[in-house]
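# Descriptive analysis of the structure
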Amino acid sequence: MNKELQKLLLQQQEQLSFHKPIRDEFSFYKDIQSGNPEILLGKMDIAATPGMGVLSSNHLRNLKYHLIILTAMISRFCIEGGMNIEIAYTMSDIFIRKIDTASSEKALSNIKKQVITDYTKSMHDIITRNSMSMHVSKAMDYIQKHLTELSSTSDIAQDQDISADYLSKLFKKETGMTLTQYVLFQKCEMAKYMLVNSNVSCTGISSFLGFASCSHFISRFKLLNNITPAQYRKKMASKLFSTDAPPE
């Protein structure tokens with residue numbers, strides 16, 4: 001090991017090829033942890049950059065290893081920043097399975113963008129919620145825990161033993177959305193994950209999320225996303241695994 005280490009260090013000196021400074025990596029992870037939206041404006045392709053070590057002689061496998069490490073590090077920084085540990089690790093598991101089956105550099109670039117985007121947006125939501133009133137924060141927690149069984153927004157208010165009218169006005173004031181709109185938004189966000197990460201049919205998803213019917217689910221989903229659930233599933237599959245489709 002020592003001989004191989006010395007050999008590689010010498011090669012790096014001769015080629016002026018060094019690993020990325022740890023302060024740069026730390027700054028990148030902290031930006032995601034803080035939910036900084038500006039990080040989403042940066043370049044996110046998977047192509048080799050200065051400071052990227054060689055973990056495999058196979059180019060694609062080398063990129064996969066680096067993206068798996070990136071995903072694992074991001075998940076741990078987000079947990080430290082307040083993300084639920086099960087959510088953070090489960091997201092990481094999903095992404096790593098996608099990385100494992102990716103067959104091109106373009107597919108890996110798309111996955112990398114999704115990793116950075118989803119974790120950053122999740123942390124932004126968590127930090128935003130922490131600045132809200134107790135009643136609104138508790139309402140959001142209740143919605144997340146009972147999303148598949150919610151039949152009435154009055155249930156959300158009853159959980160805190162407060163007036164539904166008072167909670168609705170407070171919720172609208174602090175979030176810009178009514179309780180009904182927020183519940184629909186969260187259901188559609190869960191539907192997106194199910195469409196991308198499972199083979200459950202639209203009928204199965206609509207039933208699981210408590211929509212009145214499959215047609216009601218499709219109309220509500222299209223209203224928010226300007227695309228049907230089936231079209232969304234097809235679009236995301238194409239973006240993640242096509243070698244030609246550009247990232248979003």
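Everything in this summary refers to the structure shown in the same document.

Thresholds, definitions, all that
- Residues numbered from 1 in each chain as written.
- Predicted model: local features only at pLDDT ≥ 70, side-chain atom pairs only at ≥ 80, totals over all residues.
- Heavy atoms only, no water.
- Core = buried A, V, L, I, M, F, W, Y, C linked by side-chain atoms within 4.5 Å.
- Buried < 20%, exposed > 50% of the residue type's maximum accessible area, 1.4 Å probe, protein only.
- Helix = DSSP H or I, 4+ residues; strand = E, 2+ residues; numbered from the N terminus.
- Contact = heavy atoms within 4.5 Å.
- Disulfide = S-S within 2.5 Å.
- Phe/Tyr/Trp six-rings, centres within 6.5 Å; stacked < 30°, edge-to-face > 60°.
- Lys, Arg positive; Asp, Glu negative; His and termini not counted.
- Salt bridge = Lys/Arg side-chain N within 4 Å of Asp/Glu carboxyl O.

## Re the nonpolar core
- Core analysis: the biggest nonpolar cluster contains 23 residues, and Ile32, Ile74, Cys78, Met83, Ile111 and Tyr119 have the highest contact counts within it.
- Breaking this core down by element, the ones donating at least two residues are helix 2 (22-33), helix 3 (59-80), helix 4 (85-101) and helix 5 (105-130).
- Broken down by element, this core gets its largest block of residues, 7 residues, from helix 5.
- Leave out the neighbours within four places in its chain, and Ile32 touches Ile39, Ile74, Cys78, Ile116, Tyr119, Thr120 and Met123.

## Observations concerning the state of the cysteines
- Within the structure shown, the criterion is met by 0 disulfides.
- No disulfide involves Cys214; its sulfur sits 5.6 Å from the nearest other cysteine sulfur, which is in Cys202.

## Quick notes on the packing of aromatic side chains
- Evaluated as defined, the whole model comprises 7 aromatic pairs.
- Between Phe95 and Tyr119, the ring centres sit 6.2 Å apart and the planes meet at 45°, which makes this aromatic pair tilted. Residue Phe95 is located in helix 4, and its partner Tyr119 is located in helix 5; the two are separated by 24 residues in the primary sequence.
- Centroid distance Phe211 to Phe217: 5.1 Å. Interplanar angle 50°. Geometry classified as tilted.
- Given a relative accessible area of 11%, Phe211 falls into the buried group.
- The exposure class of Phe217 is buried, given its relative accessible area of 0%.
- A connected cluster of aromatic rings, assembled from ring pairs, spans Phe211, Phe217, Phe221 and Tyr232.

## Looking at the side chain of Asp118
- With respect to the helices and strands, Asp118 occurs in helix 5.
- Buried charge Asp118 goes without a salt bridge, the closest partner of opposite sign being Lys121 at 6.3 Å.
- What Asp118 contacts, discounting residues up to four positions off in sequence, is Met91, Phe95 and Tyr193.

## Things to note about the pattern of salt bridges
- A complete count under the given rule lists 2 salt bridges for this structure.
- Among the salt bridges present, the one from Lys169 reaches Asp165, with a minimum N-O distance of 3.4 Å. Residue Lys169 and its partner Asp165 are located together in helix 8 (residues 164-175), separated by 4 residues, close to a single helical turn.
- On the basis of relative accessibility, which here comes to 47%, the residue Asp165 falls in the partly exposed class.
- Here Lys192 makes a salt bridge to Glu189, at a shortest N to O gap of 3.2 Å. Of this pair, Lys192 and Glu189 are both found in helix 9 (residues 179-197), 3 residues apart, which corresponds to roughly one turn of the helix.
- Overall, Lys192 belongs to the buried group, its relative accessible area being 17%.

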